[in-house]
Amino acid sequence: MTDDFNAAMRRAGKLVRGGNPKAATETIQNALGVGGGIATKTAKNPFARAKVGRGLRDTLAGLAQSALTGGDTTEPELPQGATFDSGTFSCTAGSREYRIYVPNLNGSTPKGAVMMLHGCKQSPIDFAKGTGMNQLADEHGLILVYPAQSRIANMQNCWKWFDPGDQMRGAGEPVILAGLMQQVQRDHAIPKGRNFVAGLSAGAAMAVVLGQTYPDVFDAVGAHSGLPYQAARDVPSAFAAMGQGATGSNTGDFIPTIIFQGDADTTVHAANADAIANTPPAGTEVMDDGKTDGRSFTRRTILAPKGHAVREQWTITGLAHAWSGGDSAGSYTDPTGPNASREMIRFFLELPSKGA
């Protein structure tokens, strides 16, 4: 292969990951037409085109798979006794593949379960590495489930938080994800009141949707760089909400929520974090600030009458569109600043059990 052909393949890969397989096809076809050491159709070789076509399909399939898996697909190393298995959940609304992390519990009951929803162009493996949640699961005895968005559902692997058909109970992605979580609850005997959902960007927006539509399944939400419920109704309004902020709405059901947002995020406007935080409940409000690992932050906390936090909003100075305190082994992470994963788990586990 020539350098020109290899450069064309790199461009094609970017086009596939950007959701434009047609342009990727044209790029590869053009590269094949100008050389690169691959035969084109001639009178002496009437079957060369068929061979090239088959190779092109295989190449595009490989590029699409790379986009689906979100960067580094190397399986993470597991502690002895832990598992990180694959599965598929299906229901009448559709199906989604997922990964589930089960630490070595040494025969004890899990302390809870967390559904982790990746952002656009990410995958479960990528998200697990970037957030470091598996290590926290080992520490706290938690089950983690990482659903994978399908490229058939969205070319960018984005959860469809902006589609009215995926913003309601009993339909679309909410019913699929809630059903998966209920399966995890049953299979692993998760204690009542200890079922949580967290996400980044589009995953955070869908986590907020799940909190509003299935408060009987999810007990708290972690939203990093997300958007409020019903912030958009289609793709154009989704981009507007991301760029300018949206007020959103709520169903009237309150669910404890912890929010992280960088003030240098140019992908999701910080006003969206305010909109998530400004939904009920009312309560004693506490403001504090600090500096962790080189980044300053402000935290706004709303306390329940019994004294535990039911809403936390973290605004992090200088953080762009990335998981705060994440691991550079994953995409969309910033190793500096407060560790969003650790703070989310702390927030979740400090909530009283249902009925307490």
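For the structure, check the block above.
Please read these numbers as outputs of a predicted model, since none were measured by experiment. (Residues numbered from 1 in each chain as written. Predicted model: local features only at pLDDT ≥ 70, side-chain atom pairs only at ≥ 80, totals over all residues. Heavy atoms only, no water.)

1. Details of the packing of helix α6 (residues 172-188) against helix α7 (residues 202-213)
Contact geometry of α6 with α7 gives a least axis separation of 10 Å together with a crossing angle of 80°. One finds that α6 runs roughly perpendicular with respect to α7. Judged by residue contacts, E173, P174 and L177 of α6 engage M206, V209, L210 and T213 from α7. Looking at the contact of α6 with α7, its residues break down into five nonpolar, one polar and one charged. (Axes fitted to C-alpha atoms, helices over the stretch in contact; angles between N-to-C directions. Helix = DSSP H or I, 4+ residues; strand = E, 2+ residues; numbered from the N terminus. Parallel < 35°, antiparallel > 145°, perpendicular 65-115°, else oblique. Contact = heavy atoms within 4.5 Å. Nonpolar A, V, L, I, M, F, W, Y, C, P; charged D, E, K, R; others polar.)

2. Side note on the packing of helix α5 (residues 133-140) against helix α10 (residues 340-350)
Packing of α5 against α10 leaves a shortest axis separation of 10 Å and a crossing angle of 40°. The hand of the α5/α10 crossing is right-handed. On the side of α5, the interface is formed by M133, L136, E139 and H140, while α10 contributes S341, R342, M344, I345 and L349. In terms of residue class, the contact of α5 with α10 is built from five nonpolar, two polar and two charged. (Left-handed = near helix turned anticlockwise from the far one by under 90°.)

3. Structural notes on α7
The terminal C-alpha atoms of α7 lie 16 Å apart, and with twelve residues this matches the ideal 16 Å at 1.5 Å per residue to within 8%. Of all the twelve residues making up α7, twelve are buried; the element is thus mostly covered by neighbouring parts of the structure. Burial in α7 covers these residues: A202, G203, A204, A205, M206, A207, V208, V209, L210, G211, Q212 and T213. Tucked inside the fold, the buried residues of α7 contact β3 (112-117), α6, β5 (195-200), β6 (220-224) and α9 (271-277). (Expected span 1.5 Å × (residues − 1). Buried < 20%, exposed > 50% of the residue type's maximum accessible area, 1.4 Å probe, protein only.)

4. Quick notes on the nonpolar core
The biggest cluster of nonpolar side chains holds 49 residues, and the ones touching the most others in it are M115, L117, W161 and F218. Looking at this core, the elements that each hand over two or more residues are β2 (94-102), β3, β4 (142-147), α6, α7, β6, α8 (235-244) and α9. Residue contacts for F218: discarding those within four places in its chain leaves M115, L177, A178, M181, N195, F196, V197, L210 and I255. Listed in part, the 33 residues of the second largest apolar core include A128, F260, W323 and L351. (Core = buried A, V, L, I, M, F, W, Y, C linked by side-chain atoms within 4.5 Å.)

5. Things to note about the side chain of T213
Structurally, the position occupied by T213 is in helix α7. Excluding anything up to four places from it in sequence, T213 contacts Q167, M168, R169, P174 and Y229.

6. Overview of the pairing of strand β9 (residues 295-303)
In terms of strand pairing, strand β8 (residues 284-292) meets β9 through nine bridges, oriented antiparallel. From the neighbouring strand, G290 faces β9, where its bridge partner is F297. Once β8 ends, the chain turns through two residues before running back antiparallel as β9, passing D293 with a positive phi of about 50°. Between the antiparallel neighbours β9 and strand β10 (residues 309-316) lie five residues, among them G307 with a positive phi of about 100°. (Pairing = 2+ DSSP bridges.)

7. Things to note about the packing of aromatic side chains
As enumerated under the stated definition, the model contains eight aromatic pairs in all. With centroids separated by 5.6 Å and ring planes inclined at 90°, the aromatic side chains of F127 and W323 adopt a geometry described as edge-to-face. With F127 in helix α4 (residues 124-131) and W323 in strand β11 (residues 323-324), the pair connects residues that are 196 residues apart, well separated along the chain. Grouping residues by exposure puts F127 and W323 together as buried. Through successive ring pairs, a cluster of aromatic residues spans F84, Y101 and Y146. When the ring centre of F84 is taken as origin, the NZ or CZ atom of R99, which lies over that ring, is 4.4 Å away. (Phe/Tyr/Trp six-rings, centres within 6.5 Å; stacked < 30°, edge-to-face > 60°. Lys NZ or Arg CZ within 6 Å of the ring centre and 35° of its normal.)

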